[in-house]
Every structure is written in C-alpha cells, then in structure tokens.
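# Chain and residue survey
Spelled out from the first residue to the last, the chains are:
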Amino acid sequence: MLKISNLTKKFGENTVLNNFSAEFPDVGVVALMGASGIGKTTLLNIIVGIEKADSGEIHSTFNRVSYKFQEPRLLEWLTAKENIEAVLPKGTNDVLKWLEAVELEDSADKYPAELSGGMQQRVALARALAYGGDLLLLDEPFSAVDTDTKKVLMSAISRYATNNAVILVTHDASEAEALNAEILYLK
C-alpha cells in the first residue's frame with residue numbers, strides 16, 4: 001500500500017501539489033488524470049524519490065519501484081536486449097519474454113538509434129516490466145504508439161497488474177477504462 005498525506009510541492013511561486021492526499025492499493029491500476037502541469041509527473045517523481053516534497057508524508061509498503069518515464073531513457077550504447085538485461089539479475093535468461101510482451105523480439109539486437117520513437121517506448125516499457133517492481137509507475141506509456149500496439153501494451157500491463165500495483169499517468173480516459181483503472185483526478 002502507498003499512502004500519501006498532505007503532500008505539497010512548489011517550484012518557485014508555482015504550487016504544483018497542495019496538501020495532496022491519496023491511498024493506492026497493493027494490486028491493480030490507478031490512473032492519474034488532470035490538466036497538463038497539474039503535478040502528475042511530479043507526484044510520480046516524489047514517490048520514486050527523484051523529487052523531494054516541501055511537506056507531507058509518504059508511507060509505502062512496496063519494496064521495489066519500477067518507473068517508465070515519459071521519455072524512453074534507453075542507454076544508447078546498448079541494444080534493446082541489453083537495455084533489458086541491464087535491470088535483470090545476473091544469469092537471468094528471460095529477456096526475450098519481455099521483448100515478446102511488447103512484440104519486439106525481432107528487434108532485440110537493434111540499438112535505440114535504429115528504433116522508431118514508438119519502438120523505443122516499447123523497449124522502455126519492457127525494461128520497466130522486467131525490473132519487476134511491486135509498484136510500477138507509468139508516465140504516459142502509450143505515447144508514440146499506434147492503436148494496435150497500444151492494445152498489446154495494455155495487455156502486458158493488465159497481466160502485470162494482477163499481482164502488482166500500477167500508477168498510470170494519462171490524459172486519455174479510454175486508456176484508463178481499458179485497463180480497468182481506478183481514476184484519480186488531480187485538480
């Protein structure tokens with residue numbers, strides 16, 4: 001469980017989160033929705049420890065957090081397969097399973113520069129899933145992918161969410177609905 005109490009975060013004079021409180025379940029998908037600049041990505045960054053809140057408390061029972069950022073953030077000098085291997089324990093041999101989950105097994109030996117933006121997003125999602133966090137943070141994971149590919153990625157996320165918690169940032173209510181997500185609107 002993740003419990004956030006009275007979280008406030010300012011950037012200069014701009015208050016992005018003001019006394020935000022919420023509880024997130026151990027399993028399933030919660031979709032964070034709201035206008036651009038409202039604090040959705042900032043909230044994820046605070047949860048994972050990249051940003052520090054100005055005030056408030058976070059209590060988490062999760063042991064490992066996996067994060068799929070808005071941008072792919074792939075290591076350019078590693079192939080798709082090697083980007084996933086980088087987060088797996090030594091000797092783990094299921095890299096292709098994760099590439100298959102995002103339908104990129106044929107691109108395992110390609111470098112990020114050889115992949116389209118959508119393919120890079122898919123490798124980044126495969127890497128986040130492979131890392132195996134009991135809490136998975138997804139910041140607009142479906143950007144740059146077509147409708148059919150989005151369905152494949154949603155299927156992989158749904159399977160993951162049967163045993164883990166997922167917090168998804170999206171602007172698209174149909175994505176949240178397709179994932180049977182509880183929707184939390186930030187104002």
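Residues numbered from 1 in each chain as written. Predicted model: local features only at pLDDT ≥ 70, side-chain atom pairs only at ≥ 80, totals over all residues. Heavy atoms only, no water.

### Focus on the sheet that holds strand E7 (residues 165-169)
Basically, it comes down to this: For two strands to be treated as a pair, DSSP must find at least two bridges joining them. The numbering of helices and of strands both runs from the N terminus, where a helix is a DSSP run of H or I of at least 4 residues and a strand a run of E of at least 2. To get an axis, fit a line to the C-alpha atoms, keeping to the stretch in contact for a helix; angles then go from 0 to 180 degrees between the N-to-C directions. Only heavy atoms matter for contacts: two residues are in contact if any of them lie within 4.5 Å across the pair.
Ordered by their spatial adjacency, five strands build an open sheet running E5-E6-E7-E3-E8, and the pairing between neighbours is parallel. The sheet is open, and its two edges are formed by strand E5 (65-68) and strand E8 (182-185), each paired on a single side. Along the sheet, successive strands turn relative to each other by an average axial angle of 20 degrees, direction set aside. The pairing of E5 with strand E6 (residues 135-139) spans four bridges and is classified as parallel. In the sheet register, Ser 66 faces E6, and the bridge partner there is Leu 136. Against the sheet, helix H4 (residues 117-131) makes contact with E5 and E6, and its axis sits at roughly 175 degrees relative to E5, the strand it touches most. Those strands touched by helix H5 (residues 147-161) are strand E3 (28-33), E6 and E7, and its axis lies near 145 degrees from that of E7.

### As for the pattern of salt bridges
Operational definition: Salt bridges are counted wherever a side-chain nitrogen of Lys or Arg sits within 4 Å of a carboxyl oxygen of Asp or Glu. Think of it in three bands: with a 1.4 Å probe and only protein chains considered, a residue is buried below 20% of the maximum accessible area for its type, exposed above 50%, and partly exposed in between.
All chains considered together, the criterion is met by five salt bridges. Residues Asp 172 and Lys 150 are paired through a salt bridge, measuring 3.8 Å at the closest nitrogen-oxygen approach. Of this pair, Asp 172 sits in the loop between E7 and helix H6 (173-178) while Lys 150 sits in helix H5, and the two are 22 residues apart along the sequence. Accessibility expressed as a relative area gives 28% for Asp 172, which makes it partly exposed. Between Glu 175 and Lys 150 there is a salt bridge; the shortest N-O distance is 3.0 Å.

That's the geometry; what it means functionally is another story.
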